[in-house]
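# A closer look at the structure
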Amino acid sequence: MLTELTLKPGNPFVGAMFDRMAVRVEASRELLFSDCPPEMETKYAAWVRSLPECKSWPENKIAVNTRYIQEMTRRIVCTGYNEESFKQWSKDNKNHWYPIRIALSERGDLALGDGNRRAIALMMAGQPIRAEVYGRHPKWRDTVAHVTRSGAWLYQPHDHPEFDGVKVGRSDGTRFRVVGEKLAAMGAKTVAVLGSNYGLGCVILAEKGLRVTGVEHSEHFERMQRSAFSVSPQSELLTSLLGDVRKCPPTMDAVVGLSVWHHLSQSVAMLDDCIRHFSGARLHAVELPEPTSEIWPETLVTETGLRKSELTQFVLDRICDVGGYKVHEQIFSDPKYNGRVTHLLT
């Protein structure tokens, strides 16, 4: 597991971290741009006084510290950051120097420890931040180990700095964009995504203005999903549920499952329970192959490549013939799909 993370400008998790540090960021920004001498009252001096460990500081110490931070911020923003030269500069100014350090919460939220003022200056300069990891919540550590256990790859894209540069096994979300356009055209407002994995598809559907509930049975995947939802601009439209689909409100306009229905098909009772729960939905299931496949269609597809062939008619009766769609059986010869029967919704 990585002992150092690179926090890049524009990363949503890095942005969220600095949003939680808004008071400190604004105080440093004032020092950067203000012509007022640091001895005068500044937001930075007020913030220092608010820190429990600094309440006993005399005013001259606060002024010296403020002047030091102002100079450091201006150096980094205006001339760049060289770690070795800053170590020496800190020593010359009789200040302790520590590496920039970061901790990660249960869902992967980033929190700066030592070096947070340097990190803020680097952020204002638009430069990447190299940060030592000094702590991970045990649940987040287990999740990172779990989702990368098959090697250095992820099932689905995720923006967290933990996975920067890691190969991705699935597509970039093209399938969900196609689904989102269809659902928006149907006038759908709410949608449940079954087997939502890391939440990428949910975020894409929310970008269409849909209110989305992602249902995921894996504790690790659901934690990744909550992490992704927390930094999405559409976070207010996104809800993450762990476990049983019956936790999801049954009054959804649509129920979507991509690369998941074959898992549900192992049990007639499981399928029946799922579909009965969402009996009012206008579209019960959609499926699309990956866009790299030769059978990439323009229409939505409901996959019925079930391991128990006797379920085919069961699925057609309960899933496909909904929302006024006509069901057309078509056999594809793509070897990836083993010639299995699919049903086009047109």
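Residues numbered from 1 in each chain as written. Predicted model: local features only at pLDDT ≥ 70, side-chain atom pairs only at ≥ 80, totals over all residues. Heavy atoms only, no water.

### Regarding the sheet that holds strand β7 (residues 190-194)
Reading across the sheet, the four strands line up as β9-β8-β7-β10 and stay open at both edges, with parallel pairing between neighbours. Bordering the open sheet on either side are β9 (238-242) and β10 (254-256), each of which pairs with just one other strand. Recorded for the sheet is a direction-independent mean angle of 20° between the axes of neighbouring strands. Pairing of β7 with β10 involves three bridges; the strand directions are parallel. In the sheet register, A192 faces β10, and the bridge partner there is V255. (Pairing = 2+ DSSP bridges. Helix = DSSP H or I, 4+ residues; strand = E, 2+ residues; numbered from the N terminus. Axes fitted to C-alpha atoms, helices over the stretch in contact; angles between N-to-C directions.)

### Overview of the packing of aromatic side chains
What the rule picks out here adds up to six aromatic pairs. A centroid spacing of 5.8 Å and a plane angle of 75° characterise the contact between F86 and W89, whose relative ring orientation is edge-to-face. One end of the pair, F86, and the other, W89, are both in helix α5 (residues 83-92), three residues apart, so they sit about a helical turn from each other. We classify W89 as buried; its relative accessible area is 11%. Feature note: the residues Y68, Y81, F86 and W89 constitute an aromatic cluster, connected by ring pairs. (Phe/Tyr/Trp six-rings, centres within 6.5 Å; stacked < 30°, edge-to-face > 60°. Buried < 20%, exposed > 50% of the residue type's maximum accessible area, 1.4 Å probe, protein only.)

### Let's talk about the state of the cysteines
Disulfides are covalent bonds that connect the sulfur atoms of two cysteines. In this structure the tally under the stated criterion is zero disulfides. With no disulfide of its own, C202 has C248 as its nearest cysteine by sulfur position, at a separation of 10.0 Å. (Disulfide = S-S within 2.5 Å.)

### Quick word on helix α6 (residues 116-124)
Of all nine residues making up α6, seven are buried, and the element is well covered by its neighbours. If you follow the buried residues of α6, they end up packed against α1 (12-20), α2 (22-33), α4 (59-79), β3 (110-112) and β4 (129-136). Positive backbone phi, at 70°, marks G126, one or two positions downstream of α6. (Contact = heavy atoms within 4.5 Å.)

### A short note on the nonpolar core
Judged by nonpolar contacts, the single largest core of 48 residues is most densely connected at L7, M17, F18 and L110. Aside from chain neighbours lying at most four places away, what touches F18 is V25, L112, A119, I120, M123 and I129. Ranked by size, the runner-up nonpolar core spans 20 residues in total, among them I204, L210, L238 and A254. (Core = buried A, V, L, I, M, F, W, Y, C linked by side-chain atoms within 4.5 Å.)

### Topic: unusual backbone geometry
Both trends apply: most residues other than glycine have a negative phi, and most peptide bonds are in trans. For N197, which is not a glycine, the phi torsion comes out positive at approximately 60°. Topologically, N197 is positioned in the loop between β7 and α9 (200-206).

### Notes on the sheet that holds strand β2 (residues 101-104)
Spatial ordering of the open sheet is given by β1-β4-β2-β3, a layout of four strands whose pairing is mixed. Here the strands that pair on one side only, and so sit at the sheet edges, are β1 (4-7) and β3. This sheet shows a mean twist of 40° between the axes of neighbouring strands, independent of strand direction. Of the pairings in the sheet, the one linking β2 to β4 comprises four bridges and is parallel in character. By the bridge assignment for β4, R101 is matched with E132. Contacts from α1 reach β1, β2, β3 and β4, with the element oriented near 50° to β3.

### Concerning the environment of F86
Of the residues examined, F86 reaches a relative accessible area of 5% and is grouped as buried. Sequence separation between F86 and M72 is 14 residues; the distance between their C-alpha atoms is 8.6 Å.

### Quick word on the pairing of β9
As judged from the five bridges shared by strand β8 (residues 211-216) and β9, these two strands associate in the parallel manner. Note that in β9 the partner of E216 across the bridge is L242. In this fold, β8 hands off to helix α10 (residues 219-230), which returns the chain to β9; that crossover is right-handed. (Right-handed = clockwise from strand over helix to strand, strands pointing away.)

### Quick notes on the side chain of T143
With respect to the helices and strands, the residue T143 is situated in helix α7 (residues 138-147). Aside from chain neighbours lying at most four places away, what touches T143 is H220, R223 and M224.

### Observations regarding the pattern of salt bridges
Within this structure, the stated rule accounts for 15 salt bridges. Between E106 and R223 there is a salt bridge, with the nearest N and O atoms lying 3.9 Å from each other. Of this pair, E106 sits in the loop between β2 and β3 while R223 sits in helix α10, and the two are 117 residues apart along the sequence. Accessibility expressed as a relative area gives 2% for R223, which makes it buried. A network of salt bridges, in which partner residues are shared, links E106, K139, E219 and R223. (Salt bridge = Lys/Arg side-chain N within 4 Å of Asp/Glu carboxyl O.)

By themselves, these are just geometric observations and shouldn't be taken as functional.
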